[in-house]
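Tertiary structure, described
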Amino acid sequence: MNIVHISNDFLYQKLYPNLVEEFANQNIEQRIYIQCRDSSEIDAFKTSKASVFASHIYRFWMKFFYGFRIKVIAKDFLERNIVDAKSIIFSHFLITDGGVALEVKKQKGTKYIVAVRNSDINHYLKMRPWLKEKAKEIVLNAEKIIFLSPTYKSRLKEILSCQQTSMYIEQNSALIGNGISDNWLADIELSTPEKELKLLYFGEYSQNKNVDSIIAALNVLNERGVSSRLTLIGEYGNACDEILKMVSQNDKASSLPKISDEKALIREVDKHDIFIMPSKTETFGVAYIEAMARGIPVVYSKGQGIDGYFEKNTVGCAVEATDSDAIAQSVELISKNYLEFSKNATIASKKFSWSSIVKSYINIIRKI
């Protein structure tokens, strides 16, 4: 058995090296097909754990011509003789990578599994409704459909609005999140917050991450007499200037540049009490799980990311993304029963080790 990864985003997401590493630890042969966006990226991904097939096949204009894009990339993929009789393709995106996997299956009979992500639901199928029929075909030819979020399963069924497809999804889907490194899962000693609550967000300062609503919630809390301070970590993204201006005008908020060193980030995270990320859209949101692993309860968005993984008000609270008053209320609720939330969060995070995640994939693939 060998797994052939196809992801149009392979070079740009930190989860892939971890995924490849853990598959290798489980003695699974891997091949990786990388669609480079620039010729300088050909040798960008280096690993001794898998065979890498990098191609500068992608061009910017392809985003406007889906059918042609799939044919060009599938042709390049097939010419490289990546798959054999023992291969199964892991398509990491439904529309783009799944389209390639479907074409390969038609020509070579190679089976595939496919993951459904934020861009599939909130970009391709929302902005390009004519792709629904192709999405149905990809789904109905997949051996397994992987959802990173429980809500995305219901969203996909609703969007495709086809009884046959819905039944197939129900019978052939699995819920598997992303993993976190063992550094986050190291043992910790739980404690209650000090008098002033220390709130935290780390990630990009983008419109989608909705950081301005966190700052607004901070103001609500302090106006209500709930002494709170907010630390933001990132200082990059399409709303960065706006967020930094808001921080400069708020003596209860501070901002730090992105912390790339994982252990240094963990040390900073450990100084805080509650993590807040009210994303408008979110495939999974690994930052939630990283915070939970450190005993930090989380405030997350309803209908996105980890919503549906855990019972209501156990590891944190789900809120409407832009409702700063609801965010503030959730922080108050967590603070009143902090140790219980903290304990639940720590326990729940354990199932998101990369070892556990990859074993779930391997069990599925072996059955196939």
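An account of the accompanying structure is given in this report. Here the structure is a predicted model, which is why all the values come from computation and not from measurement. (Residues numbered from 1 in each chain as written. Predicted model: local features only at pLDDT ≥ 70, side-chain atom pairs only at ≥ 80, totals over all residues. Heavy atoms only, no water.)

Right, let's get into the nonpolar core. In terms of nonpolar packing, the biggest core is built from 89 residues, with Phe 275 and Ile 306 touching the most fellow members. Contact partners of Phe 275, with chain neighbours within four places excluded, come to Leu 200, Tyr 201, Phe 202, Ala 287, Tyr 288, Ala 291, Ile 296, Pro 297, Val 298 and Val 299. Counting residues in hydrophobic clusters, the runner-up holds 39 residues, among them Val 4, Ile 73, Ile 121 and Leu 160. (Core = buried A, V, L, I, M, F, W, Y, C linked by side-chain atoms within 4.5 Å. Buried < 20%, exposed > 50% of the residue type's maximum accessible area, 1.4 Å probe, protein only. Contact = heavy atoms within 4.5 Å.)

Take the sheet that holds strand E7 (residues 173–175) next. Ordered in space as E3-E2-E1-E4-E5-E6-E7, the seven strands form an open sheet in which the pairing is parallel. The sheet is open, and its two borders are formed by strand E3 (51–55) and E7, each paired with just one other strand. Between one strand axis and the next, the sheet turns through 20 degrees on average, direction left out of account. Bridge count between strand E1 (residues 2–7) and strand E4 (residues 87–91): five bridges; the pairing is parallel. The residue bridging Val 4 from the neighbouring strand is Ile 89, located in E4. (Pairing = 2+ DSSP bridges. Helix = DSSP H or I, 4+ residues; strand = E, 2+ residues; numbered from the N terminus. Axes fitted to C-alpha atoms, helices over the stretch in contact; angles between N-to-C directions.)

Further remarks concern the packing of helix H11 (residues 286–293) against helix H13 (residues 338–349). It is at 7 Å that the axes of H11 and H13 come closest, and there the two elements cross at 115 degrees. Our pair here, H11 against H13, has a crossing hand that is left-handed. Two secondary-structure elements touch here, H11 through Ile 289, Met 292 and Ala 293 and H13 through Ala 345, Thr 346, Ala 348 and Ser 349. (Left-handed = near helix turned anticlockwise from the far one by under 90°.)

Our focus in this paragraph is unusual backbone geometry. For Asn 210, which is not a glycine, the phi torsion comes out positive at approximately 65 degrees. With respect to the helices and strands, the residue Asn 210 is situated in the loop between strand E8 (197–202) and helix H8 (211–223). By relative accessible area, which is 2% here, Asn 210 ends up buried. You will see that Glu 235, though not glycine, has its phi angle at about 55 degrees, which is positive. Along the chain, the position of Glu 235 falls in the loop between strand E9 (228–234) and helix H9 (240–248).

To continue, consider the pattern of salt bridges. On inspection of all chains with the given rule, the structure shows 20 salt bridges. Among the ionic pairs, Glu 29 bridges to Arg 31, the shortest N-O distance being 3.0 Å. A relative accessible area of 40% means that Glu 29 is categorised as partly exposed. With a closest N to O distance of 3.1 Å, Lys 136 and Glu 133 form a salt bridge. (Salt bridge = Lys/Arg side-chain N within 4 Å of Asp/Glu carboxyl O.)

Turning next to the sheet that holds E8. Across the sheet, which stays open at both edges, the six strands sit in the order E10-E9-E8-E11-E12-E13 with parallel pairing between neighbours. Of all strands in the sheet, those bounded by a partner on one side alone are strand E10 (253–257) and strand E13 (316–319). The sheet shows a mean angle of 25 degrees between the axes of neighbouring strands, direction not considered. Strand direction decides the pairing type here: E8 and E9, joined by six bridges, are parallel. Note that in E9 the partner of Leu 199 across the bridge is Leu 230. Against the sheet, helix H10 (residues 262–269) touches E8, E9 and E10, its axis set at about 150 degrees to E8.

Moving on to the pairing of E10. Pairing between E9 and E10: five bridges, direction parallel. Its bridge partner being in E10, Gly 234 is matched across the sheet by Pro 257. The parallel pair E9 and E10 is bridged by H9, and the resulting crossover is right-handed. (Right-handed = clockwise from strand over helix to strand, strands pointing away.)

Moving on to the side chain of Ser 173. If you trace the backbone, Ser 173 turns up in strand E7. Polar side-chain contacts of Ser 173 include one of 3.3 Å to the side chain of Lys 153. Looking at Ser 173, its side chain comes within polar contact range of the main-chain oxygen of Ile 169, at 2.8 Å. (Polar contact = N/O pair within 3.5 Å; in protein donor to acceptor, adjacent residues only side chain to side chain.)

All told, the structure shown has 18 aromatic pairs when counted by the stated rule. Aromatic side chains Phe 10 and Tyr 16 sit 4.5 Å apart centroid to centroid with 15 degrees between the ring planes, which places their arrangement in the stacked category. Here Tyr 201 and Phe 275 contribute two aromatic rings whose centre-to-centre distance is 6.3 Å and whose plane-to-plane angle is 15 degrees, an arrangement assigned as stacked. Taken as a pair, Tyr 201 in strand E8 and Phe 275 in strand E11 (residues 274–277) lie far apart in primary sequence, 74 residues in all. (Phe/Tyr/Trp six-rings, centres within 6.5 Å; stacked < 30°, edge-to-face > 60°.)

Such coordinate-based values are descriptive only and should not be taken to indicate function.
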